[in-house]
Amino acid sequence: MLALDLGFNFFNKETEFGYALVVENVGYQLIKYADTRELVNPRIHIGLRKGLAHAPFDFVITAHDLQKPNLNYTDIIDQENTIDPLSGETIETSTNYSDLIMRHINLGVIFNPIKNFNVRFGYNYQRQRELRLLSKTGGAGFTFGIGIKIKEFYIDYGQGKYSAAGTNNQFTITRKF
C-alpha cells in the first residue's frame, strides 16, 4: 500500500480568516491480497476559521467526507427494516436533505481570553445523530477542550462525549521544531 495525505492551509492574521483543504488516503495498493486489489478510499475535508476583530472568539466550520454525499449509516446485515413484514414490499424512505448536509458539518468556537490560552467547544451533528440514545438525552456529539502554550510547548486537553456509556479524554503535549 502506498498512500499519502495532502493538506493546504492559509491564515490571514489581518482579517483573522483562514481556510484549509485536506485530502486523506490518496494512494494505491501495490500488492494484491488473495488476488484482489482493494481501492483506497480518499477523504476530502474543507475547513474555515474566522476570528472577530474586537472579541476573543474564533468560529470554525468544517465540512468532512465531501467525497461521499450520503453519510447515513446503512446496516447491510439488518435488511429487515427496509421490507414491510406484512406485505413484503420495499419500504420507501424519504430523503431529508438538511440531514444529509448537516452530517458533513462540524461546528466549533474557540475562546481566547489571554495570549497562549484557549478554551474550545465543538459540535458534530453526525456523531450526535448516530450515537444518541432515544431513551435519554446525552452529550453525544459535543466536545470541549483547553489549551495552553508554555515556551515552545503546547499542552492540550480534550474531551469528547460519544455516548451515555462513556467519555473520551485526550491529553497531548506537542512542540514545534
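Now for a look at the structure at hand. Position labels on residues start from 1 in each chain and follow its written sequence. pLDDT decides what is reported in this predicted model: residues at 70 or higher carry local features, side-chain atom pairs at 80 or more are listed and counted, and totals for whole chains, interfaces and linings draw on all residues regardless. With hydrogens and water excluded, all non-hydrogen atoms of the structure serve as input to the side-chain values.

## Looking at the overall build of the chain
Phase 1: On a plain count of helices and strands, the chain comes out with two helices and nine strands.
Phase 2: Secondary structure elements follow DSSP: runs of H or I no shorter than four residues count as helices, runs of E no shorter than two count as strands, and numbering proceeds from the N terminus. For the chain, the α and β elements follow one another from N to C terminus as β-β-β-β-α-β-β-α-β-β-β.
Phase 3: Burial classification: accessible surface area is computed with a 1.4 Å probe over protein chains only, and a residue below 20% of its type maximum counts as buried, one above 50% as exposed, and the rest as partly exposed. The buried share of the chain, reckoned over its 177 residues, is 18%.
Phase 4: By the convention used here, residues are in contact when the closest approach between their heavy atoms is within 4.5 Å. Residue pairs at least 24 apart in sequence account for 38% of intrachain contacts in the chain once pairs closer than 6 positions are excluded.

## Section: the sheet that holds strand S7 (residues 142-150)
Phase 1: Only strands that DSSP links by at least two bridges are regarded as paired with each other. Spatially, the nine strands line up as an open sheet ordered S1-S2-S3-S4-S5-S6-S7-S8-S9, and their pairing is antiparallel. Edge positions in the open sheet fall to strand S1 (2-12) and strand S9 (166-175), since each of these has one partner strand only. Geometrically, the sheet is characterised by an average inter-axis angle of 15° between neighbouring strands, direction not taken into account.
Phase 2: Pairing analysis gives six bridges linking strand S3 (residues 43-51) to strand S4 (residues 57-63), with the strands arranged antiparallel. In this analysis, axes come from line fits to C-alpha atoms, helices being fitted only over the stretch in contact, and the angle between any two N-to-C directions falls in the range 0 to 180 degrees.

## Quick word on a positive patch on the surface
Phase 1: On the surface, Lys13, Lys115, Lys149 and Lys176 cluster together into a patch of positive charge.
Phase 2: Here Lys13 shows up in the loop between S1 and strand S2 (17-28).
Phase 3: Judged by relative accessible area, Lys13 falls into the exposed class, the value being 72%. In this analysis, a patch consists of residues with relative accessible area above 30% that form no salt bridge, clustered at 9 Å for like charges and at 5 Å for the nonpolar side chains Val, Leu, Ile, Met, Phe, Trp and Tyr. Values of accessible area rely on a 1.4 Å probe in the Shrake-Rupley scheme; residue burial ignores everything except the protein chains shown. By definition, a salt bridge exists where a carboxyl oxygen of Asp or Glu is found within 4 Å of a side-chain nitrogen of Lys or Arg. None of His or the chain ends enter the tally, which takes Lys and Arg as positive and Asp and Glu as negative. By convention, the point assigned to a charge is CZ for Arg, NZ for Lys, CD for Glu and CG for Asp.

## Here we look at the pairing of strand S8 (residues 153-163)
Phase 1: Where S7 and S8 come together, eight bridges link them in antiparallel fashion. Looking at the pairing, Gly145 lines up with Gly158 of S8.
Phase 2: Connecting S7 to the next strand, S8, in antiparallel fashion are two residues, including Lys151 with a positive phi near 55°.
Phase 3: Pairing of S8 with S9 involves 10 bridges; the strand directions are antiparallel. Pairing of Gly158 across the sheet is with Gln170, part of S9.
Phase 4: Linkage of S8 to S9, two consecutive antiparallel strands, is achieved through a turn of two residues.

## Here we look at the environment of Leu39
Phase 1: In this structure, Leu39 sits in the loop between S2 and S3.
Phase 2: By relative accessible area, which is 76% here, Leu39 ends up exposed.
Phase 3: As for Leu39 and Tyr28, which are separated by 11 residues in sequence, their C-alpha atoms are 7.1 Å apart.

## Some words on a nonpolar patch on the surface
Phase 1: On the surface, Phe8, Phe10, Phe17, Tyr19, Leu21, Ile46, Leu48, Ile61, Leu66 and Leu107 cluster together into a nonpolar patch covering about 810 Å² of accessible area.
Phase 2: At the level of elements, S1, S2 and S3 are the ones that each hand at least two residues to the nonpolar patch.
Phase 3: For the nonpolar patch, the element with the highest residue contribution is S2, accounting for three residues.
Phase 4: Looking at where Ile46 falls in the secondary structure, it is placed in strand S3.

What is shown is where atoms sit, not what they do.
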